[in-house]
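Report on the structure
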Amino acid sequence: MPADLSKLSFLVVDDNVHMLKIVRTILNGFGVVKIYDAVSGPDALETLRHETIDIAILDYQMDGMDGLELIKYMRDEQRMENPYIPIIMLSAYSEKSRVMQARDQGATEFCAKPVTATDLFRKIRAVVDRARPFVRTSIFFGPDRRRHDPDKYKGPERRSDDQAQPNVA
């Protein structure tokens, strides 16, 4: 059963106008009505200051402020009103090191380019249907990076559930 995405607002950030149009067309195909575009990190931050955004889709590599820097800023509670926004990172570079960098900076999902409607829909469904709790440590704030079944790991370094922050987005 397809999710009703018509009530959600999206921010799409990419310095490639052609890619913005592609993602906008895909989102429109999903029934999304409220889509905000930004061609740079600073433009995205301006939109975030004035609009309520439910899900952000960011390009990894942009001129000036790249996607990683933008995530770092978006996850900063001192600077942002809602640091819990789900973030889907798009990148033509999908090697493991880049995926891990995005995850470690606070991306919720990672989607490789060329993006397909099926892949993007899966990522959106993941953040909507399976929202992960947020974790705060001395060096990280963002969605829980663990994707495996936490009940299977019983080792000495297993985090307790009380260390995770609730996802209030």
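Our structure's up above, just so we're on the same page.
1. What about the overall build of the protein chain?
Secondary structure assignment for the protein chain yields five helices and eight strands. Secondary structure elements in the protein chain, listed N-terminal to C-terminal, are β-α-β-α-β-α-β-α-β-α-β-β-β. Across the 169 residues in the protein chain, those meeting the buried criterion constitute 41%. Once local pairs closer than 6 in sequence are excluded, the contacts in the protein chain between residues at least 24 apart make up 64%. Accessible surface for the protein chain amounts to roughly 9,600 Å². Of this, 50% is attributable to carbon and sulfur atoms.

2. Quick look at the pattern of salt bridges
By the definition in use, this model includes 13 salt bridges. Between Arg24 and Asp37 there is a salt bridge; the shortest N-O distance is 3.3 Å. With Arg24 in helix H1 (residues 17–29) and Asp37 in strand E2 (residues 34–38), this pair connects stretches of sequence that are 13 residues apart. Under the relative-accessibility criterion, Arg24 is labelled partly exposed at 27%. According to the relative accessible area criterion, Asp37 is partly exposed, its value standing at 36%.

3. Some thoughts on the packing of aromatic side chains
Under the defined criterion, the tally for this structure stands at four aromatic pairs. With 5.5 Å between their ring centres and 80° between their planes, Tyr84 and Phe141 make a pair best called edge-to-face. Taken together, the residues Tyr84 in the loop between helix H3 (67–74) and strand E4 (87–91) and Phe141 in strand E7 (residues 141–143) connect sequence positions 57 residues apart. On the basis of relative accessibility, which here comes to 10%, the residue Phe141 falls in the buried class. By way of ring pairs, the aromatic residues Tyr84, Phe134 and Phe141 are connected into one cluster.

4. Considering the pairing of strand E3 (residues 55–59)
Burial within E3 is extensive, with five of its five residues counted as buried. Judged by which residues are buried, E3 turns out to be covered on both faces: Ile55, Ile57 and Asp59 on one side and Ala56 and Leu58 on the other are all buried. Bridging between strand E1 (residues 9–13) and E3 involves four bridges; their strand directions are parallel. Each residue of the ladder has a partner; that of Val12, found in E3, is Ile57. In this sheet, E4 lies alongside E3 in parallel orientation, the contact comprising four bridges.

5. Some points on helix H5 (residues 117–129)
A rise of 1.5 Å per residue sets the reference length of H5, with its 13 residues, at 18 Å; its end C-alpha atoms lie 17 Å apart and thus fit the reference within 8%. Within H5, the full set of buried residues consists of Leu120, Phe121, Ile124, Ala126 and Val127. Next to the buried residues of H5 lie E1, H1, E3, E4 and strand E5 (109–112).

6. A look at the environment of Asp76
Along the chain, Asp76 falls in the loop between H3 and E4. For the pair Asp76 and Phe141, spaced 65 residues apart in the sequence, the C-alpha separation amounts to 8.1 Å.

7. Concerning the sheet that holds E3
Strand order in the open sheet formed by five strands is E2-E1-E3-E4-E5, with parallel pairing between adjacent strands. This sheet does not close on itself; its edge strands, each paired only once, are E2 and E5. Going across the sheet, the axis of each strand differs from the next one's by a mean of 20°, ignoring polarity. Contacting E1 and E2, helix H2 (residues 41–50) crosses the sheet at an angle of about 165° to E1.

8. Some words on the side chain of Ser9
Within the fold, Ser9 resides in strand E1. Classification of Ser9 by relative accessible area gives buried; the value is 2%. At a separation of 2.6 Å, a polar atom in the side chain of Ser9 contacts the main-chain carbonyl oxygen of Thr52. In contact with Ser9, not counting residues within four places along its chain, are Lys34, Tyr36, Thr52, Ile53, Asp54 and Ile55.

What counts, and where the lines are drawn
Residues numbered from 1 in each chain as written. Predicted model: local features only at pLDDT ≥ 70, side-chain atom pairs only at ≥ 80, totals over all residues. Heavy atoms only, no water. Helix = DSSP H or I, 4+ residues; strand = E, 2+ residues; numbered from the N terminus. Buried < 20%, exposed > 50% of the residue type's maximum accessible area, 1.4 Å probe, protein only. Contact = heavy atoms within 4.5 Å. Areas by Shrake-Rupley, 256 points an atom, 1.4 Å probe, with all protein chains shown as cover. Salt bridge = Lys/Arg side-chain N within 4 Å of Asp/Glu carboxyl O. Phe/Tyr/Trp six-rings, centres within 6.5 Å; stacked < 30°, edge-to-face > 60°. Pairing = 2+ DSSP bridges. Expected span 1.5 Å × (residues − 1). Axes fitted to C-alpha atoms, helices over the stretch in contact; angles between N-to-C directions. Polar contact = N/O pair within 3.5 Å; in protein donor to acceptor, adjacent residues only side chain to side chain.

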